[in-house]
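Residue-level structure breakdown
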Amino acid sequence: MSIPDQVIEQIRTASDIVSVIGDYVPDLKKAGRNFKCCCPFHTEKTPSFIVSPEKGIFRCFGCGVAGDVFKFVMLIENISWIESVKKLAEKNGITIKETFNEKYSVSEKTKIFELLEMTAKFYNRCLLETKSASFAREYVKQRGMTDDTIKKFMIGYAPKGKLLESAQKKGYAYDILSKAGLFTKTDFGSIFEYMSERLVFPILDIQGRVVAFGGRTLADSKAKYLNTPETIVYSKSSNLYGLYQTLPELRKSKSIIVVEGYMDVVLSQQYGVSGAVAPLGTAFTAQQAKLINRYADDVTLLFDPDDAGRTATQRALEICAENNISVKTSSLPEGVDPDEYLLENGRDSFYKLLSKNSKSAIEFVTERVLSQINIKIAQNKAKAVSILLDFVEKNKNVIVQREYVKFIAQKLDIEEDVIWQEFKRKTLFKTAIQEDKFVDKTRNKAKTSLEEKLLKFLLDINNRQYIKKLEKDFFKDGNCITIYNMLLENENISIAQILSKISDKRQEQWFSGVALVNEQINAGDGKDGNEEKSVELYEVFNILCRDIELERLKKERKILEKEVLLMTEGKIASDKEKIKKYLQLTSQIKGSGKK
Ligand SMILES: [Zn+2]
């Protein structure tokens, strides 16, 4: 999978980021030293999408999306990073040679992807053409699926025994068919095709590759839904059915509706409901929640309004709460599938009903508890509070917890303070630790801004000589340390290269923000004379380092100050060493202030 770094840099240099992005976004316009347009990844009226030709990166100050030229093509074309590199190489007439080793190591995965793609097409053809699929064709028609939908989702049918025959003719051995999750051997040694005699829904990953299949039986005797098992290319907990197909609309709407089944996804999308996706035959997972969070700002869970559906909703809400993802729930009338409702009432009415029945997580959970427990009895009321506080506790954000407690207090007609005290009691130990962390984080944030300034200074290619002048452990902020280490390793690394090496989304946003922040800390600006400039640069560097040092001394002194105060008040035993250190810090701080 790896292309040599120098080839990647060659492709990067050949691909002018402004003209590449300009090809996709015609309204890209020059603005000072940068270029500006409305973000192609979210809806906006005033442009906040910045392209920096100097630094070779882009960033949206609206939605936070950022990256280098490869990342842009990857996102806009919805392809993998490697595909994006290949695409830009081709555009610029650069050939990428894969070494023998790489070919060998990816061959099995590649083969499986090819096999799964071929299988999807095969099943799809069978649904459209074969005699044995007439019942399936009838079913699909009766459910109102259009030809376009069948094509878009590659819906298929698996006639008994036909796939094995066809695949073996094409030279696929049983081994690879089994590794792809299409077949398994039964206890009696016969070969079993998972999808046999089922209506088939190919499952695509986020890059649009077929990774697995879900099958619906058309007979009553078997399990209604069956999925092919997990393989080296498929993990059911980290994919969502229908997500790839709805990506184009999702980029604009940023809104997802999670429904229960494949049929719900297919038909909802057919009737114009963008962002309809479903978990893959299992309960909703944390990875799926995170995946959704990457694409949507607005998430609605729309499960069946029966007991099973409500239990699934509750579990999904808990998972989202644990991952700090905000979701709401909604419902259709009991016994009515989304497609039935859409067919009869249309999309607008569907959305209206969804918003009318919309409930926040805490509303849903509270109503569910109140429907199960009669709180007119005092003991029951305490029990209800306890169950609800279990849910509150899953949210790690103190502000959210406070809001939820307020809501519960109103609904159960108890004083808010009483519930909050109960909550504190319940979670005393855990909360103490969390709040500490919470405070720590905000403190860090304020403190690191100076470090960020210094880092930005070092990022300027003219200032790289100062990198080695710093003590190795000078930076204390985790993000800054990561970037500083990259600079240490390669003094000539470009900002775009650094950005492409960052895999964490939050770090990527942070770094692009630091790199593009418009601060004139480069002392060369507005002054002339080369010698003067270099003197000044050195000065700026020193000031930044001193400021950081000073801030650290102040912090150290502040911690000591409390103790020293107590000592002078006679509340604790006097400690000469500490007092000495305190005075020493004080004079150090004074001294550096004078400079
Ligand atoms: Zn944006």
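A quick note: this is a predicted structure, and the numbers were derived from the prediction, not measured. (Residues numbered from 1 in each chain as written. Predicted model: local features only at pLDDT ≥ 70, side-chain atom pairs only at ≥ 80, totals over all residues.)

Assigned secondary structure in the chain consists of 23 helices and 16 strands. Its C-alpha atoms put the chain at 90 × 75 × 50 Å along the principal axes. With 595 residues in all, the chain has 32% of them scored as buried. Within the chain, contacts between residues at least 6 apart in sequence are counted, and of these 62% link residues at least 24 apart. (Helix = DSSP H or I, 4+ residues; strand = E, 2+ residues; numbered from the N terminus. Buried ≥ 20, exposed ≤ 12 C-beta atoms within 10 Å, placed from the backbone. Contact = placed C-beta atoms within 7 Å.)

What follows deals with the domain arrangement of the chain. Parsing the chain into structural domains produces domain 1 (5-91), domain 2 (104-234), domain 3 (243-357), domain 4 (366-438) and domain 5 (440-594). Using only C-alpha atoms to locate each centre, domain 1 and domain 4 end up separated by 47 Å. (Domains from an automatic or database assignment.)

This next bit is on the pairing of strand E10 (residues 210-217). Most of E10 is tucked away: seven of the eight residues are buried. With seven bridges connecting them, strand E9 (residues 198-204) and E10 associate as antiparallel partners. When the sheet's bridge partners are listed, Leu 204 is paired in E10 with Val 210. Following E9, the chain reverses through five residues before pairing antiparallel with E10; Gly 208 in that reversal takes a positive phi of roughly 85 degrees. (Pairing = 2+ DSSP bridges.)

Let's shift gears to the sheet that holds strand E2 (residues 34-37). Overall, antiparallel pairing links the five strands, which are arranged E1-E2-E3-E4-E5 in an open sheet. Edge positions in the sheet fall to strand E1 (29-31) and strand E5 (66-68), since each of these pairs with one other strand and no more. Neighbour-to-neighbour, the strand axes of the sheet open up by a mean angle of 25 degrees, direction not taken into account. Looking at chain direction, E2 and strand E3 (residues 49-52) are connected through three bridges and run antiparallel. Bridging across to E3, Phe 35 finds its partner in Val 51. Set on the sheet, helix H2 (residues 17-24) makes contact with E2, E3 and strand E4 (57-60); between it and E3 the angle comes to about 145 degrees. (Axes fitted to C-alpha atoms, helices over the stretch in contact; angles between N-to-C directions.)

Residues Tyr 157, Val 200, Ile 256, Val 258, Val 277 and Leu 388 are the most contacted members of the largest nonpolar core, which totals 86 residues. When residues of this core are assigned to their parent elements, the largest contribution, seven residues, is made by helix H5 (residues 100-129). One finds Val 65, Tyr 484, Ala 515 and Leu 544 within the second-largest nonpolar core, a separate group that totals 44 residues. (Core = buried A, V, L, I, M, F, W, Y, C linked by C-beta atoms within 7 Å.)

The next subject is the environment of Ala 409. Take Ala 409: it is sitting in helix H17 (residues 398-412). Given 17 C-beta atoms within a 10 Å radius, Ala 409 is considered partly exposed. Other than its neighbours up to four places away in sequence, Ala 409 contacts Ile 414, Glu 415, Glu 416 and Ile 419.

With that out of the way, let us pick up the packing of helix H3 (residues 69-77) against helix H4 (residues 81-91). One can describe the packing of H3 onto H4 by two numbers: an axis separation of 8 Å at closest approach and a directional angle of 110 degrees. Relative to H4, the element H3 is oriented roughly perpendicular. Between H3 and H4, the residues in contact are Val 69, Phe 70, Val 73, Met 74 and Glu 77 and Trp 81, Ser 84, Val 85, Lys 87 and Leu 88, respectively. Here the contact of H3 with H4 is composed, by residue class, of seven nonpolar, one polar and two charged. (Parallel < 35°, antiparallel > 145°, perpendicular 65-115°, else oblique. Nonpolar A, V, L, I, M, F, W, Y, C, P; charged D, E, K, R; others polar.)

Its place among the elements puts Arg 368 in helix H15 (residues 361-372). The exposure class of Arg 368 is buried, given the 20 C-beta atoms found within 10 Å. Not counting chain neighbours up to four residues away, the residues in contact with Arg 368 comprise Arg 310 and Gln 314.

Time to look at the confidence of the model for the chain. Low pLDDT means the predicted coordinates in that region are not meant to be read closely. The share of residues in the chain with pLDDT of 70 or more is 90%, and the mean pLDDT across the chain is 85. A low-confidence stretch, residues 100-104 stays under pLDDT 50, and its non-local contacts, those more than four residues away or across chains, total three contacts. Every residue in residues 519-532 is under pLDDT 50, and counting partners more than four places away or in other chains gives 17 contacts. (pLDDT = per-residue confidence, 0-100.)

If a strand is regular, its side chains alternate between the two faces of the sheet. Bridge analysis of E3 against E4 gives four bridges, and the strand direction is antiparallel. Counterpart to Ser 52 in the pairing with E4 is Ile 57. Counting the residues that bridge the hairpin from E3 to E4 gives four residues, and of these Gly 56 lies at a positive phi of roughly 70 degrees.

Taken in spatial order, the five strands line up as E13-E12-E14-E15-E16 in an open sheet, and their pairing is mixed. A strand with exactly one partner marks an edge of an open sheet, and here the two such strands are strand E13 (276-277) and strand E16 (359-360). Pairing of strand E14 (residues 298-301) with strand E15 (residues 328-329) involves two bridges; the strand directions are parallel. When the sheet's bridge partners are listed, Leu 301 is paired in E15 with Thr 329.

Between its first and last C-alpha, helix H13 (residues 307-322) extends 23 Å over 16 residues, near the 22 Å set by a 1.5 Å rise per residue. Among the residues of H13, those classed as buried are Thr 313, Ala 316, Leu 317, Ile 319, Cys 320 and Ala 321. Against the buried residues of H13 lie helix H12 (286-295), E14, E15, H15 and helix H16 (378-394). Positive phi appears at Asn 324, one or two residues downstream of H13, with a value of about 60 degrees. (Expected span 1.5 Å × (residues − 1).)

In this structure, Met 154 takes a positive phi of about 50 degrees despite not being glycine. Along the polypeptide, Met 154 turns up in the loop between helix H7 (147-152) and strand E6 (156-157). At Asp 413, a residue that is not glycine, the phi angle is positive and equals roughly 55 degrees. You can see Asp 413 is positioned in the loop between H17 and helix H18 (416-459).

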